[in-house]
Amino acid sequence: MKRAMHALMLGIALAACATSPSADIDFDYDTAADFTALKTFGWMPPAGNAAGDELLVKRIRSAVDTQLQAKGRTASAANPDFLIGMQLSGKTTYGGSVGVGMSVGIPVGRAGRVSVGGGKSKPIEKKEGTLVLDFLDAKTKSLVWRATASGAVEPSSTPEYQQNRINAIVAEMLSYFPPKK
């Protein structure tokens, strides 16, 4: 029975590790916009924090391009119907407790030794990131749709893991485009 319980707990732990943490997704749009007219898209130059991480920008653009093409949209640098702007930001948060502890061992038995120990806990450092995708009407430059994803960032993970995670988050973001009115 103990082995079965250990196997079950190990299975649950492995399943939890295998699934990547999801992001919090928000979206908003201009209710007067005609989304059926938005067939071709182009990219605005990266700005702010996005301009500083070329590889991350490439991964995000690749994921967005793939998702939009799956929705029947076409990339067009010459004369797009809408432009895509990207904003990236990040922060470090600290959780957990910081404290110092002390313990004293009382002798039991023949050894007769008293032991003293101590310890200190460190705060847990978490990196969080936010990705904002803005879709703007190419003619008027007015915002027609926006999605925001916020969640944990794992900068030390492999490039393949990062691309897979970005693909999943972008797919979730673009599941709200075009909006269902």
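Up top is the structure.
A quick note: this is a predicted structure, and the numbers were derived from the prediction, not measured.

What counts and how
Residues numbered from 1 in each chain as written. Predicted model: local features only at pLDDT ≥ 70, side-chain atom pairs only at ≥ 80, totals over all residues. Heavy atoms only, no water. Helix = DSSP H or I, 4+ residues; strand = E, 2+ residues; numbered from the N terminus. Expected span 1.5 Å × (residues − 1). Buried < 20%, exposed > 50% of the residue type's maximum accessible area, 1.4 Å probe, protein only. Arc of directions from axis to C-beta. Pairing = 2+ DSSP bridges. Contact = heavy atoms within 4.5 Å. Axes fitted to C-alpha atoms, helices over the stretch in contact; angles between N-to-C directions. Right-handed = clockwise from strand over helix to strand, strands pointing away. Core = buried A, V, L, I, M, F, W, Y, C linked by side-chain atoms within 4.5 Å. Patch = residues over 30% accessible without salt bridge, like charges linked within 9 Å, V, L, I, M, F, W, Y side chains within 5 Å. Areas by Shrake-Rupley, 256 points an atom, 1.4 Å probe, with all protein chains shown as cover. Salt bridge = Lys/Arg side-chain N within 4 Å of Asp/Glu carboxyl O. Lys, Arg positive; Asp, Glu negative; His and termini not counted. Charge placed at Lys NZ, Arg CZ, Asp CG, Glu CD.

Caption draft 1: Examining helix α3 (residues 159–174) more closely. An ideal rise of 1.5 Å per residue puts 22 Å on 16 residues; α3 measures up with 22 Å between its terminal C-alpha atoms. By the burial criterion, the buried members of α3 are Q162, Q163, R165, I166, I169, V170, M173 and L174. With its buried residues spanning 165° around the axis, α3 presents them on a single face. Facing away from the buried side of α3, by more than 90 degrees, are the exposed residues E160 and N164.

Caption draft 2: Quick peek at the sheet that holds strand β8 (residues 143–152). One open sheet holds the six strands; their spatial order is β1-β8-β7-β4-β2-β3, and the pairing between them is mixed. Across the chains shown, the open sheet's two edge strands, defined by having one partner strand only, are β1 (24–29) and β3 (74–75). Note: β1 against β8, six bridges, orientation antiparallel. By the bridge assignment for β8, F27 is matched with A147. Across the sheet, helix α2 (residues 54–70) lies against β2 (40–43), β3, β4 (82–95) and β7 (124–137), angled at about 130° from β4, the strand it touches most. Helix-sheet contacts for α3 involve β1, β7 and β8, and the interaxial angle to β8 is about 140°.

Caption draft 3: Looking closely at the pairing of β4. When β2 meets β4, the two strands line up parallel, connected through three bridges. Bridge pairing in β4 links G42 to L83. Across 14 bridges, the pairing between β4 and β7 is antiparallel. Pairing of G95 across the sheet is with I124, part of β7.

Caption draft 4: Seen up close, the pairing of β2. Note: β2 against β3, two bridges, orientation parallel. Pairing of T40 across the sheet is with T74, part of β3. Once the chain exits β2 it traverses α2 before rejoining the sheet at β3, and the crossover so formed is right-handed.

Caption draft 5: Highlighting the nonpolar core. L68, F135 and F177 are the most contacted members of the largest nonpolar core, which has 29 residues in total. Contributions of two or more residues to this core are made by α2, β4, β7, β8 and α3. Aside from chain neighbours lying at most four places away, what touches F135 is L68, F82, L83, I84, S142, L143, V144, W145, L174 and F177.

Caption draft 6: Seen up close, the environment of K122. With respect to the helices, strands and loops of the structure, K122 is situated in the loop between β6 (115–121) and β7. The class for K122 is exposed, based on a relative accessible area of 69%. When the C-alpha atoms of K122 and G95 are compared, they prove to be 9.2 Å apart, with 27 residues separating the residues in sequence.

Caption draft 7: Local environment of a negative patch on the surface. There is a patch of like negative charges on the surface, built from D24, D26, D28 and E172. Among the elements that line the negative patch, the one with the most residues is β1, at three residues. Assignment of secondary structure puts D26 in strand β1.

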